[in-house]
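# Examining the three-dimensional arrangement
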Amino acid sequence: MADTQLLGLFNEAASTAEVIERLRRAGLGDEQVSVISSVPYRSRMLRRPEITSRISAVAGIGALVGVVIGLAITFGTYLLNPLPVGGQPQFPIPPTLIVVFEVTMLGMMWAAFGAFLFINRMPVFGQPPFSEDVVDGSIGVLVQAEESRSAGIERLLREAGASAVERFDSSARANNRTWIKVMGGTGAAVTLALVLVLLLAYDVIKIPFPTNMADTVSIAHLQGPRLAAPAEAVPVQGPVFIAGQPAVPQVASSPSSIQRGQVLFGINCLMCHGEKGQGNGRLATYFNPKPADLTGEKVRAFADSDIFLVISLGSGQMPSLAENLSPTSRWDVINYVRSLQK
Amino acid sequence: MAEQASLESPVWNRPLPDDPELAAQVREIREKHLLQDARPPREVAEKVLGPMARLGRVFWLALIVLGGLTATWLATWAYQAYQGMGVTGLNRTIMWAPYIVNFVYFIGIGHAGTFISAALRVLKFEWRAPISRAAESLTVFALLVAFTMPLIHMGRVWKFYWMLPFPNQRQLWPNPRSPIFWDMTAIFTYLTCSMLFMYLGILPDIAIAREKASGWRKRLYTVLALGWRGTDREWKHLDTTLNIFSYGIIPVMFSVHTVVSWDFAMTLQPGWNSSIFGPYFVVGALYSGVGAVIIIMAILRKALHLEYFLREEHFNAMGKFLLILSFTWVYFYFNDYLLPWYHKEPILTVIFRLFTSGWAAPLWFTMLIANILIPWATLWSRKVRSSIPALVGVALLVQVGMYIERYLIVAVTLGYPELPFDWAVYVPRLPEILITLGVFAFVVLGITVLSRLVPIIPIWEVVEGQLLQGTRRIGRAIFPAKTEAD
């Protein structure tokens with residue numbers, strides 16, 4: 001059965017609706033007639049049956065797939081890569097909701113777009129019937145009928161006021177086979193590209209290219225000196241625990257401070273560092289390495305604040321004396337140690 | 001073939017009333033409203049497609065200048081990637097500055113396109129028809145730029161894929177608890193869906209262009225049109241798909257800028273840690289975005305001679321929109337300002353004093369003048385809203401104001417963490433300045449080129465709108481009337 005397609009062109013909606021009604025009366029089914037226009041005329045305007053679009057359903061499925069993917073990304077990560085989260089829940093709900101929402105919407109809209117292409121078999125290959133006049137505002141009524149009836153239908157179209165009737169033979173149709181080939185090829189190309197990217201990402205294919213931050217020429221902002229506090233900064237109460245910076249408030253060296261320091265030194269330091277601070281206290285034999293010689297070059301080179309830090313935090317086998325000595329007492333001890341070094 | 005005269009149906013050839021007084025009224029309505037001023041589709045298409053193909057001297061000059069700036073951006077980026085982030089003015093305290101400011105700004109600009117296109121489509125505001133595509137193209141290019149900003153900011157940009165949701169070769173997993181990860185998903189969704197949304201709307205117009213064009217344009221449009229013919233089934237599916245996108249993309253749009261604000265609000269940085277940041281950022285985004293659309297509309301109108309499409313009524317409507325958004329933005333800004341001001345947390349007091357009387361005061365007051373004082377003083381007047389130069393001037397000021405606002409939030413506030421010895425000031429250096437200039441140029445370049453490649457006015461939407469509008473006479477007066485076809 002060789003079908004012929006006839007495209008009648010009409011100037012406006014009223015005459016188009018009229019001719020569609022006449023075609024129906026002539027015994028043509030709704031599926032044999034379609035309308036081509038450059039503006040969306042509603043079905044009611046042209047007396048055409050209401051078209052239902054399945055795209056919403058596909059979009060719904062896409063949204064569900066999105067939910068699943070979103071949950072897989074989030075919960076998959078929580079499960080397979082457990083992180084210490086400091087008492088926070090290992091499976092947090094609010095951040096999950098955000099990610100799942102975005103992926104759901106992504107799934108919905110991509111699916112809608114994909115469905116739109118699929119249902120319309122876009123991109124269209126082949127030469128389906130079309131007339132240039134449509135873009136100038138004409139409404140085309142496309143009738144598909146057997147060859148034998150075509151003459152009668154053409155007459156009907158012309159009588160109904162068609163400004164032109166164009167005839168297309170059965171070869172004028174969309175070529176679905178090419179469409180399947182091209183879409184399949186596109187899918188394969190995308191998959192291949194993805195595989196290639198993964199091979200690169202997992203270093204299966206290596207590109208010799210220095211990527212370490214240490215190789216970077218300029219990382220100035222990470223190397224510069226720590227900034228000094230601006231003038232309006234809130235003053236820091238108590239000693240600063242940072243090497244190279246003066247501790248506040250430092251107790252000035254004075255005979256009374258040295259004397260207090262000597263007493264405290266005797267209680268807290270002497271058993272290891274020795275009476276004269278030379279690292280030869282009674283317990284020194286039990287240590288390896290030996291307690292530091294407080295009169296030696298190394299400790300002489302220390303800043304006061306360095307010694308303060310060692311007393312406060314401990315160092316190596318030496319325990320922190322922060323509980324034994326108040327900050328002021330620590331300064332007294334430091335003043336005494338400095339007097340030993342003279 | 002159809003004869004010229006017989007093509008003209010009553011829709012675009014409605015006769016004037018015989019009564020001269022009524023005829024004058026109809027003429028006035030047609031002059032004012034695009035959708036009442038129906039012309040044959042052939043003529044409408046010609047008004048869009050004609051200027052598109054005529055590339056004048058100004059176009060080539062713009063192409064060279066903007067292209068040069070864009071090339072400078074890419075070269076600077078390459079230099080910075082090779083040298084390391086040390087070439088910028090970033091310091092240890094202010095590690096988020098110019099690129100993140102641009103990021104927030106361009107994401108914001110990207111909001112108006114979708115809002116105008118999707119929200120006004122859902123609400124059936126017909127006047128949006130000629131504006132929507134220019135707004136969408138602004139969205140797409142602004143989002144592209146916004147998407148590159150974190151990459152530029154990253155330094156070692158080739159590690160970008162570490163953000164993607166799969167464990168990389170070092171078994172480093174992107175953390176879905178992090179706002180940066182939310183950002184990734186939100187912007188990816190918004191960017192790709194905005195592009196698809198725009199493309200869907202363009203399809204019927206590209207099909208029109210395909211029939212009218214010749215040479216390489218014909219080949220290009222034949223591919224891009226995907227074989228669109230405009231059958232009733234195609235139209236129905238397009239309508240359904242566009243509706244799904246419209247309803248889907250509006251919540252995504254809100255989520256995107258909210259998530260961007262959470263990048264800031266989820267930290268403990270004083271001045272950022274605010275629960276109002278989400279809506280405040282969204283409104284700010286719409287505010288600057290609508291302003292940017294006004295500027296783009298004016299440029300396109302001039303460059304492509306779109307006087308028929310973009311009329312006083314559109315600028316007037318956009319001006320009103322801008323004013324309303326200004327009110328809303330101020331409401332949120334005041335909220336964000338008042339609470340910390342009231343409870344006087346010491347560090348916030350330091351930041352406020354910096355804005356009101358410190359070194360940042362000139363910036364802060366410029367922002368207030370540009371964002372509040374001038375829009376409020378001018379936009380209430382119909383005269384200003386209808387005058388394109390005046391409205392564009394206000395919109396430009398809003399851009400300046402909103403850019404400064406983001407700069408103050410990101411590059412200035414960040415300098416004042418809780419510990420005073422870390423306080424710092426950021427001073428931009430040449431790379432940031434060149435890159436920022438370059439990306440602005442790129443957005444304009446993108447729209448310039450795109451507007452010459454695809455119909456920047458949605459022909460089918462305009463013709464459809466004209467089909468559905470007419471006049472209605474009540475007594476001795478004639479009014480524009482709209483048909484609710486759906």
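Here goes a summary of the coordinates provided. (Residues numbered from 1 in each chain as written. Chains lettered and ligands numbered in written order. Predicted model: local features only at pLDDT ≥ 70, side-chain atom pairs only at ≥ 80, totals over all residues.)

## A few points about the overall build of chain A
Worth spelling out the cut-off: Strands are runs of DSSP state E lasting at least 2 residues, helices are runs of H or I lasting at least 4, and numbering of each runs from the N terminus. Just to be clear, the radius of gyration here is over C-alpha atoms, and the globule rule we use is 2.2 Å times residues to the power 0.38. Buried means a residue has 20 or more other C-beta atoms within 10 Å of its own C-beta, exposed means 12 or fewer, and partly exposed covers the counts in between; C-beta atoms are placed from the backbone. Placing C-beta atoms from the backbone, we regard two residues as in contact once those atoms come within 7 Å.
Helix and strand counts for chain A stand at twelve helices and four strands. For 342 residues, the compact-globule formula gives about 20 Å, and the C-alpha radius of gyration of chain A, at 44 Å, lies well above that figure. Counting only C-alpha atoms, chain A reaches 125 × 45 × 40 Å along its principal axes. When the 342 residues of chain A are sorted by exposure, 30% land in the buried category. Taking the contacts inside chain A whose residues are at least 6 apart along the sequence as the reference set, 74% of them involve residues at least 24 apart.

## Concerning the interface of chain B and chain A
Taken together, the contacts link 72 residues of chain B with 72 residues of chain A. Of all elements in the fold, only helix H2 (41–53), helix H6 (179–212), helix H8 (232–265) and helix H16 (459–468) of chain B reach the threshold of two or more residues within the side of chain B that touches chain A. The biggest single contributor to the side of chain B that touches chain A is H8 of chain B, with 16 residues.

## What about the packing of helix H4 (residues 98–122) of chain B against helix H14 (residues 388–412) of chain B?
Two numbers describe a pair of packed helices, the interaxial angle and the distance between the axes. All names here are of chain B. For the record, the criterion: Lines are fitted to the C-alpha atoms to define the axes, a helix being fitted only along its stretch in contact, and any angle between axes, read from their N-to-C directions, falls within 0 to 180 degrees. An angle below 35 degrees is treated as roughly parallel, one above 145 as roughly antiparallel, one from 65 to 115 as roughly perpendicular, and anything else as oblique. Note: crossing handedness is left-handed where the near helix turns anticlockwise from the far helix by less than a right angle, and right-handed where it turns clockwise.
Viewed as axis vectors pointing N to C, H4 and H14 meet at an angle of 135 degrees, and their least axial separation amounts to 9 Å. Our classification of the angle between H4 and H14 gives oblique. Classified by chirality, the crossing of H14 by H4 is right-handed. In this structure, H4 uses Pro98, Ile100, Val101, Val104, Tyr105 and Gly108 to contact H14, whose residues at the interface are Met402, Tyr403, Arg406, Tyr407, Val410 and Ala411.

## Some remarks on the nonpolar core
The condition is simple: The term nonpolar core refers to a set of buried Ala, Val, Leu, Ile, Met, Phe, Trp, Tyr and Cys residues connected through C-beta atoms within 7 Å.
Among the nonpolar cores identified, the biggest contains 181 residues, and Ala112 and Val141 of chain A together with Ala112, Leu138, Val290, Val293 and Val410 of chain B are the most heavily contacted of them. Among the elements that make up this core, the one with the highest residue count is H6 of chain B (16 residues). When residues no more than four places from it in sequence are discounted, the contact partners of Val410 of chain B are Trp96, Ala97, Ile100, Val101 and Val104 of chain B. Core analysis: the next-biggest nonpolar cluster, separate from the first, contains 14 residues, Phe308, Leu309, Ile311 and Val337 of chain A among them.

## Things to note about the sheet that holds strand S4 (residues 164–168) of chain A
Residues and elements named next belong to chain A. To be explicit about the condition: Here the rule is simple: two strands pair whenever DSSP picks up at least two bridges between them.
One open sheet accounts for four strands, arranged S2-S3-S1-S4; its pairing is antiparallel. Every interior strand has two partners, whereas the edge strands, strand S2 (33–36) and S4, have only one. Taking the axes of each pair of neighbouring strands and ignoring which way they run, one obtains an average angle of 25 degrees across the sheet. Bridging between S2 and strand S3 (residues 139–146) involves four bridges; their strand directions are antiparallel.

## Looking at the pairing of strand S1 (residues 3–10) of chain A
Residues and elements named next belong to chain A. In terms of burial, S1 is a largely internal element, seven of the eight residues being buried. Where S1 meets S4, five bridges bridge the pair, whose relative direction is antiparallel. When the bridges of S4 are listed, Gly8 appears paired with Val165.

## Quick look at the environment of Val330 of chain B
Along the chain, the position of Val330 of chain B falls in helix H10 (residues 312–343). Separated by 47 residues in sequence, Val330 of chain B and Val283 of chain B have C-alpha atoms that sit 9.4 Å apart.

## Focus on helix H5 (residues 147–159) of chain A
Residue and element names in this part refer to chain A. Convention followed: The span you would expect from a helix comes to 1.5 Å times its residue count less one.
The first and last C-alpha atoms of H5 sit 19 Å apart over 13 residues, in line with the 18 Å expected at 1.5 Å per residue. Burial in H5 covers these residues: Ile153, Leu156 and Leu157. Directly after H5, the chain includes Gly161, whose backbone phi takes a positive value near 105 degrees.

Remember that the coordinates give geometry; whether it matters functionally is a separate question.
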